[in-house]
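# Descriptive analysis of the structure
The primary structure of each chain is shown beneath.
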Amino acid sequence: MRDHTPDFTMHELSGENKALIRNTVQQLFEKLSGDGKLTGDTLLEFWIEVPGQKRPRGTFSGGFLMPDSFIYISDYFQPDANALKPSREYEAQGQCLDKVWDDLLDELFYQVEIFTSPVFPAKGVTLELWAGNRQRPEGEWVYAVDRKIELH
């Protein structure tokens, strides 16, 4: 059996990049929940584009683009709410909204660091974020909000 783990050192995102990502994700989620579109299937998906590195985007057999990664928003927030509220699991543990954001963003930062570490520092890397719901099985967005940011 071969090991397909990439051979690189993980580099933490800068505080400036973390703040940029945090603000962007919070804006997307506030818009999503304000529009009443936060459901159990809602995803936060992202693509990472690295300057000078050609890497074709994958597709599923149904023909839609496969994201670099995704997070189920309902793991962190209650679905079908018009305002962001901690998921039932977080509520049962007595956790506040700040703890929910910290956990979600820790997971997101880790995933982004996996893709950006080989080109450290991450200056010029573009992060494209979507939050919304996909139609199954075709994969087309039923509803989505998105934002593209460049890391510094």
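To keep things clear, this report deals only with the structure shown in the data block. (Residues numbered from 1 in each chain as written. Predicted model: local features only at pLDDT ≥ 70, side-chain atom pairs only at ≥ 80, totals over all residues. Heavy atoms only, no water.)

## Re the packing of aromatic side chains
Under the counting rule described, the total for this entry stands at seven aromatic pairs. With a centroid separation of 6.3 Å and an interplanar angle of 75°, the aromatic rings of tryptophan 47 and tryptophan 130 are classed as edge-to-face. With tryptophan 47 in strand 1 (residues 43-49) and tryptophan 130 in strand 3 (residues 126-134), the pair connects residues that are 83 residues apart, well separated along the chain. Assessed through its relative accessible area of 5%, tryptophan 47 is described here as buried. Taking 5.5 Å as the distance between ring centres and 85° as the angle between the ring planes, the aromatic pair formed by phenylalanine 70 and tyrosine 72 counts as edge-to-face. (Phe/Tyr/Trp six-rings, centres within 6.5 Å; stacked < 30°, edge-to-face > 60°. Helix = DSSP H or I, 4+ residues; strand = E, 2+ residues; numbered from the N terminus. Buried < 20%, exposed > 50% of the residue type's maximum accessible area, 1.4 Å probe, protein only.)

## Some points on the environment of serine 69
On the secondary structure map, serine 69 appears in strand 2 (residues 69-72). The sequence separation of serine 69 and glutamate 45 amounts to 24 residues, and the corresponding C-alpha distance is 5.8 Å. Among all residues touching serine 69, those that are not within four sequence positions of it are Leu44, Glu45, Phe46, Gln111 and Phe115. (Contact = heavy atoms within 4.5 Å.)

## A closer look at the sheet that holds strand 4 (residues 141-150)
Strand pairing in a sheet is mediated by backbone hydrogen bonds. Such pairs are either parallel or antiparallel. Sheet architecture is open: four strands sit in the order 2-1-3-4, paired in antiparallel fashion. In the strand order of this sheet, the two ends are held by strand 2 and strand 4, each with one partner. Going across the sheet, the axis of each strand differs from the next one's by a mean of 20°, ignoring polarity. Sheet topology places strand 1 next to strand 2; four bridges connect them, and they run antiparallel. Within the sheet, the bridge partner assigned to leucine 43 lies in strand 2 and is tyrosine 72. Relative to the sheet, helix 1 (residues 15-34) contacts strand 1, strand 3 and strand 4, its axis offset from that of strand 4 by approximately 160°. Contacting strand 1, strand 2 and strand 3, helix 3 (residues 97-116) crosses the sheet at an angle of about 25° to strand 1. (Pairing = 2+ DSSP bridges. Axes fitted to C-alpha atoms, helices over the stretch in contact; angles between N-to-C directions.)

Function cannot be read off these values alone, since they describe shape.
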